[in-house]
Amino acid sequence: MHPFLKKATMSTLESSLMKSKFRGCLLGSLIGDCLGAPFEGDVVTAGDKIVIQRYFDKLQDSTFKAPFKQYTDDTAMCKSVAKFLIDKPEPDYKFLAKLFVTEYFNEPKRGYGENVIEVFRKLKNTKFEDVYKPAREQFFGSGSYGNGGAMRIAPVSLYFYNQYHSMVEVAKNVTKITHSNILGINGALLQCLAVHQALLSDPENSIDPKKFCTELSTKLKDIEEVDEDNLDNINNIYHDKLKTVQKLLQKEPSDDLDEEILENLGNGIRAHESVPTAIYCFLRAQNEIPGIETENSFRRTIQYAITLGGDTDTIACMAGAIAGAYLGEDAINSVLAKHCEFNKEILEMAENLFTARESIPIK
Ligand code: AR6
Ligand code: MG
C-alpha cells in the first residue's frame, strides 16, 4: 500500500499523487462520456470493433482535427455534484437540486433519461419544497433504477476519500434527489465504492480483481439499502453480479465471451445492468484484450466499454472514472482528452474539489 494512504497529513509528493488521481478521475469520466456518446444504443459487431479501434487511433493522432465530442447528461450532472461539494462547506441538497434543474433547463438536449425530466419539472414547480418527493413518486412510487445516480457520483468518492461515513451518507442523499429505487441507490453506492477503492489503490501495484470485487461486496453489504420483502432476490442482485464479474474475468477474452458479458452483466440504462459492467471493464482492461491495440490501460478501459455497445456513454463514463481514479491524470493521453468538450473546465473542477477537500478537517 502506498504510504500516503496511511497518513492523515500528506507530504507534497503524496498530495500531488492524490491531486493527479482527482484530475484523472473526473477527466476519465468526461472522456468516457464524450467518446462513448456517438455509439449509444449500438449493437457492436466484430467489424465495428475495428472501426472503434481506428476511431481511437485517429483521436490520438495529434495531426487529426475534429469538432469537440460533446458531453451528455452524465457530465452535466457530475458538474453539478462537484459544484455542490466545492461551493458549500456543509451539504445543501436543495442547492444541489437547483443546480441539477438549472443545468437541465439551460441545456435540455444533453440526452437525459426519459423520466428524470419529470423529476426536474416537479422540483421546479414545487419550488424545491421537498427535494426527495418527486423522485419517490416516479414509476408509480417505485422510484427510478436508472444508472443516472451512479453516473454522476464520482465527485463524492473524491471529496470524502478519507471520511468514509460522510461519503456514504452524502452519496445516498445525492442519489435520492432523482433515484429512490433500491437498485438505483445501491448501484450509485457500488460505483461510489469502486471509485473510492480505485482512488486508494497504489497505481504502482497491480489490482487483484478477486480482492477488488470481494471488498466491494463486503463494503456494499454494510451500507446498502435493504428491501424487507426481498422480492425477486433484489437484495442479492449486486452481490451476485460481482461474483459473476469474477467468474467472467477468469475466462479468456473473445467475441463469444463479450456475448456472455451482455447476457450476464448487461449493457443497459438500468443501474444493475451497467454498474457491474463498468467495474468489469475496468478490471478486464488491466490486461491486454485482443482487438484493442494499445499499451495504455486507461484507453483500453473505455475503448473496451464502448465495444460492448448499449449505454456506451454511461458505462464508459463510469469505467473511465474508476480507471482515472486508479491511474491518475498522467496515464491519460492528453491528445485524446483534448477532443472532449469541457476538458479544461473539468480539470479546473477537479482542482477546486481537491482544494476544497484540503480545507476540511479530517475526522
Ligand atoms: N420501472 C421501469 N423502468 C424504469 C424504472 C422503473 N422503476 N426505473 C428506470 N427505468 P431515468 P436516468 C427505465 O429516466 O437514470 C441517459 O441515456 C425507464 O425506461 O430515471 O437518469 C443517461 O446517459 C427510464 O426512462 O433516467 C444514462 O445512460 C430509464 O430507465 C441514462 O439515460 C432511465 O431512467 C440515465 O437515465
Ligand atoms: Mg447514457
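Residues numbered from 1 in each chain as written. Chains lettered and ligands numbered in written order. Predicted model: local features only at pLDDT ≥ 70, side-chain atom pairs only at ≥ 80, totals over all residues. Heavy atoms only, no water.

Asks: Looking at this structure, I do not really get the coordination of the magnesium ion (ligand 2). What am I missing?
Replies: Perfect tetrahedral coordination of a metal by four donors corresponds to 109.5 degrees between them, and perfect octahedral coordination by six donors corresponds to 90 or 180 degrees. Protein ligation of the magnesium ion (ligand 2) involves Asp-311 (OD), Asp-313 (OD) and Thr-314 (OG1), the donor distances falling in the range 2.3 to 2.6 Å. Taken in sequence order, the residues that donate to the magnesium ion (ligand 2) follow the motif D-x1-D-T. For Asp-311, a relative accessible area of 4% gives the class buried. Residue Thr-314 is classed as buried on the basis of its relative accessible area of 3%. (Donors = N, O, S within 2.8 Å, 3.2 Å for Na, K, Ca; no water. Buried < 20%, exposed > 50% of the residue type's maximum accessible area, 1.4 Å probe, protein only.)

Asks: Whenever I open this one, the site of ligand 1 confuses me. Can you help?
Replies: Asn-115, Ser-144, His-179, Asp-311 and Thr-314 are the nearest of the 21 residues found near ligand 1. In the environment of ligand 1, an oxygen atom lies 2.4 Å from a nitrogen or oxygen atom belonging to the side chain of Asp-311. Considered on its own, ligand 1 offers 700 Å² of accessible surface; in the complex 85% of this is hidden by protein. Of all the secondary structure elements, the ones that give two or more residues to the shell around ligand 1 are α3 (73-87) and α16 (312-327). For the shell around ligand 1, the residue count by class is four nonpolar, eleven polar and six charged. (Near = heavy atom within 4 Å. Polar contact = N/O pair within 3.5 Å; in protein donor to acceptor, adjacent residues only side chain to side chain. Areas by Shrake-Rupley, 256 points an atom, 1.4 Å probe, with all protein chains shown as cover. Helix = DSSP H or I, 4+ residues; strand = E, 2+ residues; numbered from the N terminus. Nonpolar A, V, L, I, M, F, W, Y, C, P; charged D, E, K, R; others polar.)

Asks: When you look at the nonpolar core in this model, what are you seeing that I'm missing?
Replies: Note on soluble globular proteins: their nonpolar side chains tend to be buried together. By size, the foremost hydrophobic cluster in this structure holds 119 residues, and its most contacted members are Leu-35, Val-156 and Ile-279. Of all the elements, helix α10 (residues 182-199) adds the most residues to this core, at twelve residues. Ile-279 has contacts with Leu-190, Ala-194, Phe-212, Leu-216, Leu-242 and Ile-322, leaving out every residue within four places of it along the chain. (Core = buried A, V, L, I, M, F, W, Y, C linked by side-chain atoms within 4.5 Å. Contact = heavy atoms within 4.5 Å.)

Asks: Help me understand the packing of aromatic side chains, please; the structure alone is not making it clear to me.
Replies: For any pair of aromatic rings, geometry is given as the distance between the ring centres together with the angle between the planes. Per the stated rule, a full pass over the model turns up 15 aromatic pairs. When the centroid spacing of 5.5 Å and the interplanar angle of 40° are considered together, the rings of Phe-84 and Tyr-93 count as tilted. According to the relative accessible area criterion, Phe-84 is buried, its value standing at 1%. Tyr-93 sits in the buried class, given a relative accessible area of 14%. Between Phe-212 and Phe-282 the ring centres are 5.6 Å apart and the planes differ by 55°, which places this aromatic pair in the tilted class. Of the two residues, Phe-212 is situated in helix α11 (residues 209-223) and Phe-282 in helix α14 (residues 275-284); the sequence distance between them amounts to 70 residues. For the pair shown, Phe-212 and Phe-282 are each scored as buried. Three or more aromatic residues joined by ring pairs make a cluster, and in this case those are Tyr-104, Phe-105, Tyr-112 and Phe-120. Lying over the aromatic face of Phe-95, Lys-88 brings its terminal NZ or CZ to 4.7 Å of the ring centre. (Phe/Tyr/Trp six-rings, centres within 6.5 Å; stacked < 30°, edge-to-face > 60°. Lys NZ or Arg CZ within 6 Å of the ring centre and 35° of its normal.)

Asks: Before we go on, may I ask you to explain the side chain of Gln-191 in this structure?
Replies: The residue Gln-191 is located in helix α10 in this model. For Gln-191, a relative accessible area of 1% puts it in the buried group. Beyond its immediate chain neighbours, meaning those up to four positions away, Gln-191 contacts Ala-150, Ile-153, Val-275, Met-318, Ala-321 and Ile-322.

Asks: Hey, could you run me through the UniProt feature "binding site: Mg(2+)" (unreviewed entry) in the chain in this one?
Replies: In this numbering, the UniProt entry assigns the feature "binding site: Mg(2+)" (unreviewed entry) to Thr-72, Asp-73, Asp-74, Asp-311, Asp-313 and Thr-314. Spanning 243 residues, the annotated positions come together in the fold, the maximum distance between their C-alpha atoms being 12.4 Å. Residue class for Asp-74 comes out buried when judged on its relative accessible area of 0%. Contact partners of Asp-74, with chain neighbours within four places excluded, come to Asp-33, Met-151, Arg-152, Asp-313, Thr-314 and Cys-317. (UniProt positions renumbered as here; feature names shortened; annotations may be inferred.)

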